[in-house]
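Residue-level listing of the chains:
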Amino acid sequence: MIEVSQLTKRYRDLVAIEDLSFIVEKGEILGFLGPNGAGKSTTMRILTGFQPATSGTAKVAGFDVFEHPLEVKRRVGYLPEIPPLYPDMTIAAYLRFVAEIKGVPRGQRAGEVERVASLAQVSHVMDRLIANVSKGYKQRVGIAQALIGSPDVLILDEPTVGLDPSQILEVRDLIRSLAGKHTVILSTHILQEVVATCERVLIIAGGRRVAHEKLSELQERHPGKSLDEIFLDLTSATRTAAPARPAAAA
Amino acid sequence: MRNALAIARKEMLLYFTTPIAYVVFFATAFIGAFFFLSLTSEFQRRSMQFMQFGSPEGMGWLNLTDMVAAPLILNMGVIFIFVVPFLTMRLLAEERRQRTMELLMTAPIRSIEIVAGKYLGVLAMLAVLVALTAIFPMLLDTYGTGASGGGAIEWQTVGAALAGLFLCGAAFAAIGLFVSALTESQVVAALITFLVLLLTWVVGWKAADAEGAWRAVLEHLSSVQHLVAFGRGIVDLRDLVYFLSLVVLGLFLTHRAIEARRWA
């Protein structure tokens, strides 16, 4: 469903991701891990067509992100790191607007908004202004927005940030329930979240892939270690080093 | 097109849920009323004078269209220099600051549709402002009578002036939209837009001192100068081209600015 090959993104003299390749099968939930600044958000922005890559290709459902951006965008629901909300709109008006620009036909819009609102559990606050609801609700409206139109691929950048423990569990249940029907990339720092929701993990550090395998295989390769320890081992090389420079990387 | 309309509707909604629409409507109506009152009292003073001295040819050219309605509409063009920056400052600057640009850019819509939607939203607001301005000549037409009987207002002239006012506002809005694409700060967007629009007005003052080709160039650059012909009821191709080319240039640059941001 998602094919990334030799993807590289440079910002002037900073390398965000370097030669990144991975494949996500249909219906799979991929846990996308990495320390802050490892290039997770950049990868997701490229996959959603928000930013172009410097080199390499990314394909979603067989469509190249760069050559057929509209086809890709029709198939992807995206929750960015900071939920893209208009504070001066009510939740209902906001979700209706998103349904419109995502091309949900007029007749189905009301039903679709209702469906995602109940999935993300915001149905009872639909008439409140987004500016006036708590951070947890804002995050949930962000999740609802990504689900609109039931896209084949969901790309969620830290979906449980700002939620309280019971909401975190609800969101994890929601994500697990999407498996099979949707392909999900879930970025997070919280390792338990990966254990709870994902089958496979992709770990990147300093813009490079350091692991991409099944969670169980990862644990077999590092016997006797907890996931936290494995994560720290794999990412330790880049943890103290300064961000890679293209000259050094080349 | 459908996507552009969705964005235009969203912009309209945001104008009315924030105080911007109400403040801009109030300011325009208030200042319009102020100009209207001073222009009508000046008209009254002149007509009393002419009647006292019994000057029939004076009475002949003294009419409400050229003395009140047209100057009022030209003044509103100047007021647009102050008002339009408030309408356009939010459009793209706020999308960037709130990170909602990411929503628009990852939805299955083209960036040209984003630009068109935003612009249509402002045009709708401008149409309301022009309609507010049109109330004043309507009042004159209702309560006044022309020299030869009939209505007090020559609607061809006033209609041309109102169309010119709308075109002038549309050109200003395209400039404002572009400036809004360049910054994350609404205040910076408003100030720079105001500065640029003010410049297109005051450049006409310099034309008076200039000579030869420079004079022609400066006069052609002056936005208010181009509105004046519309106020006389003349729709000149040069004036149309001036305003429409500003619109096209503004929208083109806005589109370029949005695309350029992605590659940064």
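Residues numbered from 1 in each chain as written. Chains lettered and ligands numbered in written order. Predicted model: local features only at pLDDT ≥ 70, side-chain atom pairs only at ≥ 80, totals over all residues. Heavy atoms only, no water.

All names here are of chain A. Pairing within the open sheet is antiparallel, and its 4 strands lie in the order 2-1-4-5. In this open sheet, the two strands that pair with only one neighbour each are strand 2 (14-24) and strand 5 (63-64). The sheet contact formed by strand 1 (residues 2-11) and strand 2 spans 7 bridges and is antiparallel. Bridge pairing in strand 2 links Val4 to Phe22. (Pairing = 2+ DSSP bridges. Helix = DSSP H or I, 4+ residues; strand = E, 2+ residues; numbered from the N terminus.)

Attention shifts here to the environment of Phe86(B). All names here are of chain B. For Phe86, the location among the structural elements is in helix 4 (residues 64-88). The exposure class assigned to Phe86 is partly exposed, which follows from its relative accessible area of 45%. Separated by 87 residues in sequence, Phe86 and Ala173 have C-alpha atoms that sit 9.9 Å apart. Beyond its immediate stretch of four places on either side in the chain, Phe86 contacts Ile20 and Val24. (Buried < 20%, exposed > 50% of the residue type's maximum accessible area, 1.4 Å probe, protein only. Contact = heavy atoms within 4.5 Å.)

With that settled, the discussion passes to the pairing of strand 8 (residues 183-187) of chain A. Residue and element names in this part refer to chain A. Counting buried residues along strand 8, 5 of its 5 residues qualify, which places the element largely inside the surrounding structure. Because side chains alternate across strand 8, one face comprises the buried residues Thr183, Ile185 and Ser187, and the other comprises Val184 and Leu186, equally buried. Judged from the 4 bridges that link them, strand 3 (residues 29-33) and strand 8 form a sheet pairing that is parallel. The residue of strand 8 that forms the bridge with Gly31 is Leu186. In this sheet, strand 8 lies alongside strand 7 (residues 153-157) in parallel orientation, the contact comprising 5 bridges.

Here we take up the interface of chain B and chain A. Contact with chain B, which involves 27 residues of that partner, is made by 30 residues of chain A. Summed over both sides, the interface of chain B with chain A buries roughly 2,700 Å², with 64% coming from carbon and sulfur. The largest share of the area that chain B buries against chain A comes from Glu102(B), Leu103(B) and Pro108(B), three residues that together contribute 24% of it. Applying the counting rule to chain B against chain A returns 2 salt bridges. (Buried area = accessible area lost by both parts, 1.4 Å probe. Salt bridge = Lys/Arg side-chain N within 4 Å of Asp/Glu carboxyl O.)

What follows is about the confidence of the model for chain A. All names here are of chain A. On average, residues of chain A score 87 in pLDDT, and 94% of them are at 70 or above. Looking at the elements of chain A, mean pLDDT is at its lowest for helix 10 (residues 246-249), recorded as 44, and at its highest for helix 3 (residues 91-101), recorded as 96. Every residue in residues 246-250 is under pLDDT 50, and counting partners more than four places away or in other chains gives 4 contacts. (pLDDT = per-residue confidence, 0-100.)

As a further point, take helix 12 (residues 237-263) of chain B. Taking 1.5 Å of rise per residue, 27 residues should cover 39 Å, and helix 12 of chain B covers 39 Å from first to last C-alpha, within 8% of that figure. Among the residues of helix 12 of chain B, those classed as buried are Asp239(B), Tyr242(B), Phe243(B), Leu246(B), Val247(B), Gly250(B), Thr254(B), His255(B), Ala257(B), Ile258(B), Glu259(B) and Arg262(B). (Expected span 1.5 Å × (residues − 1).)

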